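Chain by chain, the residues:
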Amino acid sequence: MTNDEILEGAFSLIFEPLEAITKFGKEMVCSDGSVRQCFPVLAAWIADHAENEMLHGLKRMGCAVCEVPVERLGSDAEEVHPTRDYEKYARIAQQYFDTGDEEFATSLSTVGVKMDRNVFAGISRVTIPHLFKPDILHNVYLGLFKHMMQWIEDFLKKHDRQDIFDEVWKSLPPYPGFFVPRKAYREVTQWQGKEMRNLGRCILGVLASALRRPAPAQQVPFRNAMRCVRALVDFSLMAQYQSHTPETLDYMEQYLKDFHHYKDVFQEFRTSKRTREDADANDERLRLELDRQLKNVGRVPPVRRRQLLDANRMQRVGEREDILRSQSHFNFIKLHLLVHYCSHVRRFGNIPMYSTDVGELAHKVQIKEGYRRSNKNDAARQILFYYGRVHAVSIRMLTLHVLQAQKPGCGGLSGDAERAFLSEAGQSQSPTGPTQAGDPRPRRLLRARYANVDSFRQLSRNLDIPVERIFEELVRYSRRSLSDHHRLTEEDERLRAMPVEQFGQLEIPVQVFQGTDLYDMHHARTTGKKSFRNGAPRNDWVWVTVGSTSESGALRGRLPGKLLGLFKLRTDTVSGTDTVVGTKTVHRLAVVEILQATNSGRIVDTHGLVKVSKRRGTSERIDFWIVDIMTISSLAHLIPEGDGQWLVNSRIDLRTFNEIY
């Protein structure tokens, strides 16, 4: 028995119970308690492309949705190819088996179909081409991003920019969910899905920084390379949206068109081993011809010799590029599959819920956690029991939350039982934190209180900022942000006497993109001059709201700044010139080195990022602002560009991408 026959038999056993239910239906209890006749239908098969090829009986590089020829896989995204008709293929294959006529086999081979049977054929109510689902993990992260990085490496090597790229790569700052690189890019030997997803969040900014200040001959290729990478990164970000509108789908289609338009800048790096051997052989031939020419001419003046060598070198470079370009192409299946993303969204909804990311991430909860908690003896049974228990209790906890929330005056379930279960299951509570009265949003919280800091003198020493400068900025903050009734005193002696507490961390709840009541927790850290975890000092970049949304261009009234310190100040309320004794006001403040937006905060057309820089001034004083922590909206991610300038990485997450770009 062949492997194909075993595969077909296995899937027949799997689909046999489903076939009867699909045809005749089955009574099921619905969520409203009613019993209805239901007809479950197979609607998706989540797998990587290699598995889809095998199950659909396709040749290598065959698309499961359309009959695109192999030589057109890398063509423009606007090309339309006929949808596959698997019932027709089955009839042709049967005719071949009945007659042995090779014309039937040839007709199937022409459209990339093997004689093997499609395992999904014959299932009732199933449209086989619609079973294919876009796979972000293998198609984009482990597919196109890996290809793209190979092209970028060769491109950087050609233009001698690899060292600059690695320098920028190693200097990337931290960000929630972003793994800061510890090595140069070329030193990493193996890339997995998590690392490639991480790379997609920063590659555009790192490349833009590495390709800064091009020579005149480099301006066009550098611009096209950045636009190509930008289009692919933006397409991948849009593909991760949980919900779409006609406008977002138009954006996706335009990004794909832009990628195809600019991808030729990398074509010379899409070469096979044989093509590179041909280019090397031609290069050697031209070099030998020059040697023979110089021998036949005899003694040549040094100036003439240099001219011949330069002309030969230019000829070798030109012909090498011509050979590489003429024999290279983009005809690989993972590039073509992007064409079907938008049509899939229109028909079935968002893409992430069908990606193999779902299964890969489920391994941790369903298998790895259970294995770690087992005694490693008959682990499979213990894994199943553990996951079943955790899943059942999770459903009950959700039910209790709903029932508790339905009671008047109750905001949900909390207590020792829930915390104990979540701790045992290896889960964490929603990072919402306490809320203000009447405000459903979580509050910003100061954490990591410093010991032995209770005065401005000690705060000044820790921040390495003169006390006078702190007082000066406190007065400016008071005049700028506080009402007359709550303003701080402007007398130095009274300021020195106020109690101060210093902190090292600010917890900022940030609403999840396309989420209503879900929040991510950003932990903004500041250590001043002290080291962080036995390493260099850490003072994070944060977004500070400094104006209305119509200011600062694409930054919409926000500017990035380096968090230098956090402190809490307790003061007596001041009314005019009198102090209201016994009325205490707490000010939760941050010391931030605010940057300024270059070019009025407009997006640079080439790479689609915003530039910021240090504030220019004649004074040599430390330039910082004191702001209320409520003006800090989230962490920022800046990519250094040298000379006191940075690129705002608006591709670090979907929320930042949507807000800035």
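A short tour of the structure in this document, coming up. Predicted, not measured: the structure shown is a model, and the values here were computed from it.

### Concerning the overall build of the protein chain
Then, in step 1: Regarding its fold elements, the protein chain presents 21 helices and 14 strands.
Then, in step 2: Taking all 661 residues of the protein chain together, the buried fraction comes to 44%.
Then, in step 3: Long-range contacts, defined here as pairs at least 24 residues apart, represent 67% of the contacts in the protein chain between residues at least 6 apart.
Then, in step 4: Accessible surface computed for the protein chain: about 35700 Å², of which carbon and sulfur atoms make up 50%.
Then, in step 5: Of the charged side chains in the protein chain, 94 are positive and 84 negative, and the gap between their average positions amounts to 5 Å.

### Re the packing of aromatic side chains
Then, in step 1: The tally for this structure, following the rule as stated, stands at 23 aromatic pairs.
Then, in step 2: Seen from their ring centres, W169 and Y185 are 5.5 Å apart, and the 85° between their planes marks the pair as edge-to-face. Here W169 is found in helix α6 (residues 162-170), whereas its partner Y185 is found in the loop between α6 and α7 (193-200), with 16 residues between them in sequence. Taken as a pair, W169 and Y185 share a single burial class, namely buried.
Then, in step 3: Of the aromatic side chains, those joined through ring pairs into one cluster are W151, F155, F222, F266, F269 and F330.
Then, in step 4: K263 extends its terminal NZ or CZ atom over the ring of F330, reaching a point 5.5 Å from the ring centre.
Then, in step 5: When the ring centre of Y371 is taken as origin, the NZ or CZ atom of K376, which lies over that ring, is 5.2 Å away.

### What about the packing of helix α3 (residues 86-99) against helix α4 (residues 102-110)?
Then, in step 1: Between α3 and α4, whose axes approach to 8 Å, the crossing angle comes to 150°. It follows that α3 is roughly antiparallel to α4 by the angle criterion. In this structure, α3 crosses over α4, and the sense of that crossing is left-handed. Between α3 and α4, the contacting residues are Y89, I92, A93, Q95, Y96 and T99 on the first element and E102, F104, A105, S107 and L108 on the second.
Then, in step 2: Grouping the amino acids of the contact of α3 with α4 by side-chain chemistry returns seven nonpolar, three polar and one charged.

### Topic: the sheet that holds strand β14 (residues 645-648)
Then, in step 1: Spatial strand order, β9-β10-β14-β13: four strands in an open sheet with antiparallel pairing. Of all strands in the sheet, those with a lone pairing partner are β9 (596-597) and β13 (638-642), marking the two edges.
Then, in step 2: The pairing of β13 with β14 spans four bridges and is classified as antiparallel. Bridging across to β14, L638 finds its partner in V648.
Then, in step 3: Against the sheet, helix α8 (residues 203-210) touches β13 and β14, its axis set at about 5° to β13.

### Quick word on the nonpolar core
Then, in step 1: One finds F120 and F266 to be the most contacted residues of the largest nonpolar core, which totals 127 residues.
Then, in step 2: If we ignore the near neighbours within four places in the chain, the residues touching F266 are W151, I152, F155, A225, C228, V229 and F330.
Then, in step 3: V467, F471, L488 and V500 belong to the second-largest nonpolar core, a separate cluster that totals 21 residues.

### Notes on the environment of E507
Then, in step 1: Among the secondary structure elements, E507 is positioned in strand β4 (residues 500-511).
Then, in step 2: Relative accessible area serves as the criterion here: at 13%, E507 is assigned to the buried category.
Then, in step 3: Residues E507 and I629, spaced 122 residues apart in sequence, show a C-alpha to C-alpha distance of 9.9 Å.
Then, in step 4: Apart from the residues within four sequence positions on either side, E507 is in contact with R443, R444, L445, R447, M521, H522 and H523.

Cut-offs applied
Residues numbered from 1 in each chain as written. Predicted model: local features only at pLDDT ≥ 70, side-chain atom pairs only at ≥ 80, totals over all residues. Heavy atoms only, no water. Helix = DSSP H or I, 4+ residues; strand = E, 2+ residues; numbered from the N terminus. Buried < 20%, exposed > 50% of the residue type's maximum accessible area, 1.4 Å probe, protein only. Contact = heavy atoms within 4.5 Å. Areas by Shrake-Rupley, 256 points an atom, 1.4 Å probe, with all protein chains shown as cover. Lys, Arg positive; Asp, Glu negative; His and termini not counted. Charge placed at Lys NZ, Arg CZ, Asp CG, Glu CD. Phe/Tyr/Trp six-rings, centres within 6.5 Å; stacked < 30°, edge-to-face > 60°. Lys NZ or Arg CZ within 6 Å of the ring centre and 35° of its normal. Axes fitted to C-alpha atoms, helices over the stretch in contact; angles between N-to-C directions. Parallel < 35°, antiparallel > 145°, perpendicular 65-115°, else oblique. Left-handed = near helix turned anticlockwise from the far one by under 90°. Nonpolar A, V, L, I, M, F, W, Y, C, P; charged D, E, K, R; others polar. Pairing = 2+ DSSP bridges. Core = buried A, V, L, I, M, F, W, Y, C linked by side-chain atoms within 4.5 Å.

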